[in-house]
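Understanding the architecture of this molecule
Single-letter residue listing:
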2 protein chains.
Amino acid sequence: MEEELLMIPGPVPVIPRIREAMSRPMIHHRGDEFAEIYEGIVENLKNIFQTKNDLFVLSGSGTCAMEAAIGNLIQRSNGRGRTEMACITVTNGKFGERFKEIAERYGEDAVTPAHFEWGQPIELERVKEAVENSPRPKVITMVHNETSTGILNPAKDVGNLAKKHDAVFVLDCITSIGGDEVPVDQLGVDIAIVGSQKCLGTPPGLSAISISDKALDLMRENPSRPFYMDLLAYKKSLEKRQTPYTPALPLFFALREALEVISEEGMERRIKRHRILSKAVRAAATRLGLSLFPKLNEVSAYSNTVTAINLPLANGITDEQLRGGMRKRGVIVAGGQEKLKGKIFRIATMGNITGREVLRTIEVLEEVLLENKVIEEEGIGSGEAKKVLSTML
Amino acid sequence: MEEELLMIPGPVPVIPRIREAMSRPMIHHRGDEFAEIYEGIVENLKNIFQTKNDLFVLSGSGTCAMEAAIGNLIQRSNGRGRTEMACITVTNGKFGERFKEIAERYGEDAVTPAHFEWGQPIELERVKEAVENSPRPKVITMVHNETSTGILNPAKDVGNLAKKHDAVFVLDCITSIGGDEVPVDQLGVDIAIVGSQKCLGTPPGLSAISISDKALDLMRENPSRPFYMDLLAYKKSLEKRQTPYTPALPLFFALREALEVISEEGMERRIKRHRILSKAVRAAATRLGLSLFPKLNEVSAYSNTVTAINLPLANGITDEQLRGGMRKRGVIVAGGQEKLKGKIFRIATMGNITGREVLRTIEVLEEVLLENKVIEEEGIGSGEAKKVLSTML
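Residues numbered from 1 in each chain as written. Chains lettered and ligands numbered in written order. Predicted model: local features only at pLDDT ≥ 70, side-chain atom pairs only at ≥ 80, totals over all residues.

A few words on the overall build of chain A. Check the secondary structure of chain A and you find 13 helices and 15 strands. A compact globule built from 393 residues would reach a C-alpha radius of gyration of about 21 Å, and chain A, at 21 Å, matches this within 12%. Seen along its three principal axes, the alpha-carbon backbone of chain A occupies a region of about 65 × 55 × 35 Å. For chain A, the proportion of its 393 residues judged to be buried stands at 59%. A separation threshold of at least 6 residues defines the contact pool for chain A, and within that pool the share at least 24 residues apart is 73%. (Helix = DSSP H or I, 4+ residues; strand = E, 2+ residues; numbered from the N terminus. Rg over C-alpha atoms; globule rule 2.2 N^0.38 Å. Buried ≥ 20, exposed ≤ 12 C-beta atoms within 10 Å, placed from the backbone. Contact = placed C-beta atoms within 7 Å.)

Listed below in structure tokens is the structure:
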């Protein structure tokens, strides 16, 4: 049977040379070879992040790194009765809200939400108000590429706001870094996070986090930092080119190979590829009469790594018919999450995906839409996709 | 060049069929195939743990699971000014103390140490005193197999004490389960933890944790549980045969294969093998005139998975000469940690190690001891090891 094509926003398909890197024998995690692997990974990732800040690789998923950011920054009120920190959580989707949920575990009274509906764009004016009305706006969290809705949020503008108010800016770049232009330092990001199983094109299980000196200084004031995710422990261990706790070795072998693949392609070409692939998906969907889910304003944009499309429910097709039909044909696309379940579907174009996979996805989508009488003929969407994909050359 | 032989207490060498399981394509982590893999792993591990409790697999190392236990149990004092929990930390080595360090992050005032020197046995009378003198002894932590010193601590006795005082008993079985007899429920353990890269013989990056209803009930009272390690979220997701956050897929593929290897060997034979291998190391070391590091009493024993040996410093050999000499010959053994650095060395016999690897280790040890004039002829230690190993048949 043919392998399933994963077009979900992670885990993404992993090409054989990266998967096979994992089957080598274990090494001593405190020996020279691991030190060299880790150091090489860190240097490569700093280049991709475009940052001069410290950067660590955690043996845990993107959520682990999100909690590392919050848990190290927000000082619990142990013995003091009040969390001495304000955390402005800018949210317009599931992953933005995850930051809020995490922050609430560390100090419910610290959280000041700047909330927008899922799929709505961030309005800077309201974020500005939240920051200005907060007594001590020390932390601002936002998701760069909101995977749940397919929106790219305005990192630069919120970065400027953070700078102006001397706040630490935490940006979840889990599904943007490696596939889109994310110049971390230039954007004014203090803490940036990427996940392994997204645009880097490697298996799930690792995340990387970069941290400014300003953020590290705040963490030094916090005695109740988490332990496994203690970023000061990561910093200390990195001086010996080690991780504080046993690293998930095979995933490091894979990540090293994935970074080699990225360096062979070149970041510029890679970002261009991601942009064209997502543009092809958007163009095909629109040509097929489907509408994109996100609402945009002047500071937001469509995601360049995942496209959220409204299910054409008015045409009588259900989520199960659409995604189930595609699954039967070997293509897995993502559904809506939580309140968007049954309302949208999402096609990711992350990692080492090529035009071939995008085309196959669109063709299968057309087959299913035709079968369900949403469209009357095949080839129109894929024709549109082909046109866009041809600009890759 | 010949591959290095890792005789450290994790990461252990991983046999090819387990490593190669990781090179297969990714799958959808919310699909049926992953659900079946996860369910199978959980059922297999419950058998190995000999528990009827819930069991979850975390995408994080053993330390991650240790923090999951503590962080979910010990309610932070947010807004209340005092941690409403006592945590008796029974320590006689580095990993026992790790529990204490973790607990201090969650509530320094909660920690009541029952401290013994590294390598000294646990005295039950003093643990009993600590429990009885503590106002609310809700949690007792201990390490079963203290890897830093090669001691097996009295799980059954401390389990009885916990039961008597209605305390939750958290036992780090990271380096005992899979290689030694650990009947979790029979020992009165509420929370038991194993690491993937130890006696289970699979790569690092995963840990498993079993939890009693009593412990789960306490966690339900705690609103400030960690997020990535939230065990109630793990419980809820397990009902759908999923993990709450993206699992490290390749490590799950490997763990499934490792559990298949264990089931083919059978736990009884596996435990016997571990016991004979460590007995062979102890016998060889003693015969070579070396002394074992742990001091025992009537309730403690030598570890059956790692042997801690005093460096024969009086004979003029240094740590670097001994371990460096062995490393040059392709055998990696562990040194002492922290205060034991340069004083002991440790030979692990965990996972799918066989008599052949133990014999090679002893032979190389003899070569190095001879080279450094600690012994006068080779073959005495390995002869002794062979005698013990022959009882495996």
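Having seen the structure, we can now continue with the description.
Many authors give the size of an interface as the accessible area that is lost as the parts come together. The interface is formed by 47 residues belonging to chain B together with 47 residues belonging to chain A. Elements represented by at least two residues in the side of chain B that touches chain A include exactly α1 (16-20), α3 (62-73), α4 (94-107) and α9 (249-265) of chain B. Classifying every residue of the side of chain B that touches chain A gives 22 nonpolar, 17 polar and eight charged. (Nonpolar A, V, L, I, M, F, W, Y, C, P; charged D, E, K, R; others polar.)

At an RMSD of 0.0 Å, chain B and chain A line up after a rotation of 180° and a shift of 0.0 Å along the axis. One copy is carried onto the other by what is essentially a two-fold rotation axis. Looking at chain B, 100% of its interface residues are interface residues in chain A too, so the copies touch through the same face. (Least-squares fit on C-alpha atoms with pLDDT ≥ 70 in both.)

Below, the discussion takes up the pairing of strand β8 (residues 168-172) of chain A. Residues and elements named next belong to chain A. In terms of burial, β8 is a largely internal element, five of the five residues being buried. As paired elements, strand β5 (residues 137-143) and β8 share five bridges and run parallel to each other. In the sheet register, Ile140 faces β8, and the bridge partner there is Phe169. In terms of strand pairing, β8 meets strand β9 (residues 191-195) through three bridges, oriented parallel. Bridge pairing in β9 links Val170 to Ile191. (Pairing = 2+ DSSP bridges.)

All names here are of chain A. One open sheet accounts for three strands, arranged β6-β7-β11; its pairing is antiparallel. The sheet is open, and its two borders are formed by β6 (145-146) and β11 (301-302), each paired with just one other strand. Taken together, the two bridges between strand β7 (residues 151-152) and β11 define a ladder with antiparallel strand orientation. Along β11, the bridge assignment pairs Leu152 with Ala301.

Glancing now at the domain arrangement of chain A. Residues and elements named next belong to chain A. When the domains of chain A are assigned, the result is domain 1 (5-10 + 267-392) and domain 2 (16-262). For domain 1 and domain 2, the distance between their C-alpha centroids amounts to 28 Å. Contacts between the two partners involve 29 residues from domain 1, matched on the other side by 32 residues from domain 2. Of all elements in the fold, only α10 (267-287), β11 and β12 (306-310) reach the threshold of two or more residues within the side of domain 1 that touches domain 2. If you tally residues by element for the side of domain 1 that touches domain 2, the top one is α10, at four residues. Considering only residue class, the side of domain 1 that touches domain 2 consists of 13 nonpolar, eleven polar and five charged. (Domains from an automatic or database assignment.)

On to the environment of B:Thr305, then. Residues and elements named next belong to chain B. Topologically, Thr305 is positioned in the loop between β11 (301-302) and β12 (306-310). Accessibility expressed as a C-beta count within 10 Å gives 29 for Thr305, which makes it buried. Separated by 81 residues in the primary sequence, Thr305 and Lys386 place their C-alpha atoms 18 Å from one another. Those residues in contact with Thr305, other than ones at most four positions away along the chain, are Asn145, Thr175, Ser176, Gly179, Asp180, Cys199, His274, Ser278, Ala348, Thr349 and Met350.

Residue and element names in this part refer to chain A. Strands sit in the order β12-β15-β14 across an open sheet of three strands; the sheet is antiparallel. On the outer flanks of this sheet lie β12 and β14 (334-335), each paired with one strand and no other. Examined bridge by bridge, β12 and strand β15 (residues 344-348) share five bridges and lie antiparallel to one another. The partner of Thr307 across the bridge, within β15, is Ile347. Taken strand by strand, α10 contacts β12 and β15, and its axis lies near 10° from that of β12. (Axes fitted to C-alpha atoms, helices over the stretch in contact; angles between N-to-C directions.)

For the rest of this paragraph, the subject is unusual backbone geometry. Residues and elements named next belong to chain A. Here Gly10 and Pro11 are connected by a cis peptide whose omega angle stands at -5°. One can find Pro11 in the loop between β1 (5-6) and α1 (16-20). Located in the positive-phi region is Asp166, a residue other than glycine, with phi close to 55°. Relative to the assigned elements, Asp166 resides in the loop between α6 (155-164) and β8. A positive phi angle is found at Lys373, which is not glycine, with a value near 60°.

Let us now look at the confidence of the model for chain A. The pLDDT averaged across chain A works out to 95; a share of 97% of its residues lies at or above 70. We note a pTM of 0.97 for the whole complex and an ipTM of 0.97 for its interfaces. (pLDDT = per-residue confidence, 0-100.)

Attention now goes to the nonpolar core. In this structure, A:Ile140, A:Ile209, B:Ile140 and B:Ile209 are the most contacted members of the largest nonpolar core, which totals 261 residues. Those residues in contact with B:Ile209 that sit more than four places away from it in its chain are B:Leu55, B:Phe56, B:Leu58, B:Ala65, B:Ala68, B:Ala69, B:Ile191 and B:Ile193. (Core = buried A, V, L, I, M, F, W, Y, C linked by C-beta atoms within 7 Å.)

To continue, consider helix α10 (residues 267-287) of chain B. Residue and element names in this part refer to chain B. Helix length check: α10, at 21 residues, gives a terminal C-alpha distance of 30 Å against a target of 30 Å (1.5 Å per residue), a fit within 8%. Turning to α10, its buried residues are Arg270, Arg273, His274, Ile276, Leu277, Ser278, Ala280, Val281, Arg282, Ala284 and Ala285. Buried residues belonging to α10 abut α9, β11, β12, β15 (344-348), α12 (355-371) and α13 (380-389). Within two residues after α10, Gly289 carries a phi angle of roughly 85°, on the positive side. (Expected span 1.5 Å × (residues − 1).)

Right, let's talk about the packing of helix α5 (residues 124-133) of chain A against α6(A) for a bit. Residue and element names in this part refer to chain A. Running from amino to carboxyl end, α5 crosses α6 at an angle of 20°, the nearest separation of the two axes being 11 Å. The pairing of α5 with α6 is recorded here as roughly parallel in orientation. For the crossing formed where α5 meets α6, the hand is right-handed. Residues Leu124, Val127, Lys128 and Val131 of α5 form the contact with α6, whose participating residues are Asp157, Val158 and Leu161. Looking at the contact of α5 with α6 residue by residue, the class counts come to five nonpolar, no polar and two charged. (Parallel < 35°, antiparallel > 145°, perpendicular 65-115°, else oblique. Left-handed = near helix turned anticlockwise from the far one by under 90°.)

Turning our attention to the packing of α10(A) against helix α13 (residues 380-389) of chain A. All names here are of chain A. At their nearest, the axes of α10 and α13 sit 8 Å apart, and the two run at 150° to each other. Considered as vectors, α10 and α13 are oriented roughly antiparallel to each other. The two elements α10 and α13 cross, and the hand of that crossing is right-handed. Here Ile276, Lys279, Ala280, Ala283, Ala284 and Arg287 of α10 lie close against α13, whose contacting residues are Ile380, Gly381, Ser382, Glu384, Ala385, Val388 and Leu389.

Here A:Gly159 lies in helix α6. C-alpha of A:Gly159 to C-alpha of A:Leu171: the two residues are twelve residues apart in sequence and 9.0 Å apart in space.

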